Each structure stands twice: as C-alpha cells, then as structure tokens.
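Residues per chain, in single letters:
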Amino acid sequence: MHLKQVSNTQVFSGWHQQFEHVSERLNCTMRFAIFLPPQALKGEKVPVLYWLSGLTCTDENFMQKAGAFRVAAELGMAIVAPDTSPRGAGIADDPDGSYDLGLGAGFYLNATQAPWDVHYKMYDYIVDELPQIIEQEFSVNQQKVISGHSMGGHGALSIALKNPEKYLSISAFSPICNPINCPWGQKAFSAYLGDNQDAWLEYDSTELLKQAKVQLPMLVSQGDADNFLNDQLKPETLLEAAKQTNYPLTYHLEAGYDHSYFFISTFIEQHLRFHFKHIQNAG
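Residues numbered from 1 in each chain as written. Predicted model: local features only at pLDDT ≥ 70, side-chain atom pairs only at ≥ 80, totals over all residues. Heavy atoms only, no water.

*Asks:* Looking at this structure, I do not really get the side chain of His154. What am I missing?
*Replies:* Looking at the secondary structure, you find His154 in helix α5 (residues 151-162). On the basis of relative accessibility, which here comes to 0%, the residue His154 falls in the buried class. (Helix = DSSP H or I, 4+ residues; strand = E, 2+ residues; numbered from the N terminus. Buried < 20%, exposed > 50% of the residue type's maximum accessible area, 1.4 Å probe, protein only.)

In structure tokens form, the structure reads like this:
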C-alpha cells in the first residue's frame, strides 16, 4: 500500500496528517486524515475512533471544526476521518448538481446500480479497506469505535449495527435514523440501490437495530433547534426501536442546538470520553 502524504501539522503534541492512496474498492484515489496522539508517536499502539462526516463534507470538516484533538491527545486515541464519497475524473455525480447525491454524498453503502456501482462502495471502504491500511501503516491497535454526523451518523450507526464484532461502541450527532422514510435517504437509496426496498433495509439503522443480536453501547446527541430534525433525521424511530428491543441507547436532546459543527464541538468531549470508557472496559 502506497500512501502519499498531503499534509503534516503538529497539534496538542500529536500530529494531524492527510494522506492520499489508490483505493481498490472505490477504484479511485481517496484521501483521509488521521490524528495521531503523542502516545502513538512514542510507539504505543493506540485505539482508533473512525469519524464519518455528513453531506457535502470531506476529511477536513471534522478535523478543522470539531475541536477534538485536546481530549484525544489526553486519552491517547487516534482519529481517522475519511472522505464522504469517491472523487475524481470519471466519478459519477448527480446530473442535476444537487448536494445530496453523488460527490460528497456516498451514504456509506455499496451501490448496486449503474453508474454508481463502479465507484460507490463506501461501505466496504470504511468497514474493511481503510482499517486495514490504518492498522498496517500506523501505531494503532485493533480496538475501534465509530462516530459520525448526519449522513455520517447514519453511516456510523448502520455500519456498527451490521458489524458489532468490529467495534466497541457507537455514537452519532444528528444522525439520519430512518433513511428509508426520509427524503435524503429515499433519494440516495433509489439511485444507489434501485427500486427493491428490501435492499434499503440493509442500511437503515432503525431497522437494523430492531434485528440486532449483539448490542453495543450507543450514544446519540441531537439538537432540538436542528432544522432537519422532523423531516430528515427522525430520531423518534430509533428511540422506539431501542425501547422495543431494550437496546442500550443513551439519547441526549440538547436545547437550542442546531445541525452545525458548533453543536458537535460543544459535545465532542462527551462522546470521546464515552468511547474511551468502553475501550477501557474491553481491556
């Protein structure tokens, strides 16, 4: 695996770095960012938080806006932030130029429909290819947790629910909880997965939670001033599924907060410490 370093910046005695590489699963060049805490620089194998960002974002949004590095450096936790979709010449995009399909809107699934199926295999990239690269190239151990925001919250929840053996805990900010029943999800799933709605269920967090045989600690934070709350995010569906199945979901509805990174930066420490507690519990 050849990694090309794009940037290297010291922060809180650790390093924020960006790399490019050719992805076998996505058939294009991808970029990801990694924060390596000072413990990793001393040779200690550290756990990894995988962060999945939302619509229109890249690897840069979380790293530049979330304010996560101070606490991650204290805890000795690496953070990996991939891009949100394949990119480059020849990559399919929405012909109408909308923000919620195509470039920047991979939805963390494996597309089965043309033209998307050539490149849009973000599920495989996040679950398998990227962690293999990180564990091969950096001073990390195999302890993984996952989090994300909005579309990335959908990705974090659905990926961990489908692969509970790979992660120790899950969290999300303002996730798309029931994509089969919201405009963003219906548009993306129709394009990427086609008309067979049984295939949609495989990427819907509410439906996956109902069927979960292994339960992971889950934390969801949502702002009550989020303008996408009722039409797109629908946390009540996830809460009802958790209630029905006695799933260990901790839900925080925060008064006055919206969908922005101001919300994320306010509560990111809470999420990092939530994950670290479960990393410690796992030994």
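Here the narrative resumes, following the displayed structure.
*Asks:* Looking at this model, I keep getting lost on the packing of aromatic side chains. Mind explaining?
*Replies:* Note on aromatic pairs: each is described by the distance of the centres and the angle between the planes. Across all of its chains, the model carries 17 aromatic pairs by this definition. Ring geometry for Phe19 versus Phe138: centroids 5.4 Å apart, planes at 65°, classification edge-to-face. Here Phe19, found in strand β2 (residues 14-23), pairs with Phe138, found in the loop between α4 (122-137) and β6 (140-148); they are 119 residues apart in sequence, far enough to count as distant. Exposure remark for Phe138: the relative accessible area of 9% places this residue in the buried category. Between Phe32 and Phe138 the ring centres are 6.4 Å apart and the planes differ by 85°, which places this aromatic pair in the edge-to-face class. Within this pair, whereas Phe32 is found in strand β3 (residues 28-36), its partner Phe138 is found in the loop between α4 and β6, the two being separated by 106 residues in sequence. Taking relative accessible area as the criterion, Phe32 reaches 0% and is therefore assigned buried. Ring pairing ties together the aromatic residues Trp51, Phe62, Phe173, Tyr257, Phe263 and Phe267, which thus form one cluster. (Phe/Tyr/Trp six-rings, centres within 6.5 Å; stacked < 30°, edge-to-face > 60°.)

*Asks:* How should α4 be read in this particular structure?
*Replies:* Residue pairs three or four apart in sequence face the same way in an α-helix, which turns once every 3.6 residues. At Glu129, α4 shows its largest kink, close to 35°, and the proline Pro131 lies no more than four residues downstream. For α4, the full list of buried residues reads Met122, Tyr123, Asp124, Tyr125, Ile126, Val127, Glu129, Leu130, Pro131, Ile133 and Ile134. As for α4, its buried residues are in contact with β2, β3, β4 (46-52), β5 (78-82), β6 and α5. (Bend = angle between axes of the 7 residues up to and from the residue. Contact = heavy atoms within 4.5 Å.)

*Asks:* For this particular structure, what's the right way to read the pairing of β3?
*Replies:* Regular strands have side chains that alternate between both faces of the sheet. Among the nine residues in β3, seven count as buried, and that is most of the element. Of the pairings in the sheet, the one linking β2 to β3 comprises nine bridges and is antiparallel in character. What sits directly across from Ser23, in β3, is Cys28. Adjacent in sequence and paired antiparallel, β2 and β3 are bridged by four residues, among which Asn27 carries a positive phi angle near 55°. Bridge count between β3 and β5: four bridges; the pairing is antiparallel. Pairing of Ile34 across the sheet is with Val80, part of β5. (Pairing = 2+ DSSP bridges.)

*Asks:* Sorry if this is basic, but what is going on with the environment of Glu74 here?
*Replies:* Along the chain, the position of Glu74 falls in helix α3 (residues 69-75). C-alpha separation for the pair Glu74 and Gln39, spaced 35 residues apart in sequence, amounts to 9.1 Å. Residues in contact with Glu74, not counting those within four places in the same chain, are Gln39 and Arg273.

*Asks:* How do you make sense of the nonpolar core when you look at a structure like this?
*Replies:* Most often, soluble globular proteins have nonpolar side chains that are buried together. Grouped together as the largest cluster of nonpolar side chains are 69 residues, with contacts concentrated most on Phe32, Phe107, Ile134, Tyr192 and Met218. A per-element tally of this core places α4 first, with eight residues. Residues Phe35, Ala72, Met77 and Leu272 belong to the second largest nonpolar core, which totals 27 residues. (Core = buried A, V, L, I, M, F, W, Y, C linked by side-chain atoms within 4.5 Å.)

*Asks:* I'm lost on the state of the cysteines in this one. Help?
*Replies:* Defined simply, a disulfide is a covalent bond joining two cysteines at their sulfur atoms. Throughout the structure, instances matching the rule amount to zero disulfides. Free cysteine: Cys28, not disulfide-bonded; nearest cysteine sulfur from Cys57 at 18 Å. Among the residues examined, Cys28 registers a relative accessible area of 9% and is labelled buried. We note that Cys177 lacks a disulfide partner, and the nearest cysteine sulfur, in Cys182, lies 9.3 Å from it. Among the residues examined, Cys177 registers a relative accessible area of 0% and is labelled buried. (Disulfide = S-S within 2.5 Å.)

*Asks:* Which parts of the structure should I look at to understand the environment of Ser171?
*Replies:* Residue placement: Ser171 occurs in strand β7 (residues 170-173). What makes Ser171 buried here is its relative accessible area of 0%. On a C-alpha basis, the gap between Ser171 and Phe262 in space is 17 Å, while along the polypeptide they are 91 residues apart. When residues no more than four places from it in sequence are discounted, the contact partners of Ser171 are Ile146, Ser147, Gly148, Ala156, Leu219, His271, Phe274 and His275. Engagement of the side chain of Ser171 in a polar contact is seen with the side chain of Ser147, the distance being 2.7 Å. Here the side chain of Ser171 touches His271 through a polar contact of 2.9 Å, side chain to side chain. (Polar contact = N/O pair within 3.5 Å; in protein donor to acceptor, adjacent residues only side chain to side chain.)

*Asks:* Sorry, what's going on with the pattern of salt bridges here?
*Replies:* A side chain with one charge may pair with a side chain of the opposite charge, provided their charged atoms come close. A full pass over the atoms with the stated rule returns 13 salt bridges. Of the charged contacts in the structure, one is a salt bridge between Asp94 and Lys187, with a shortest N-O distance of 3.8 Å. One end of the pair, Asp94, is in the loop between β5 and α4; the other, Lys187, is in helix α6 (residues 183-193), and 93 residues separate them in sequence. By relative accessible area, which is 8% here, Asp94 ends up buried. Overall, the relative accessible area of 32% leaves Lys187 in the partly exposed class. Sharing partners across several salt bridges, the network here consists of Arg70, Glu74, Glu269 and Arg273. (Salt bridge = Lys/Arg side-chain N within 4 Å of Asp/Glu carboxyl O.)

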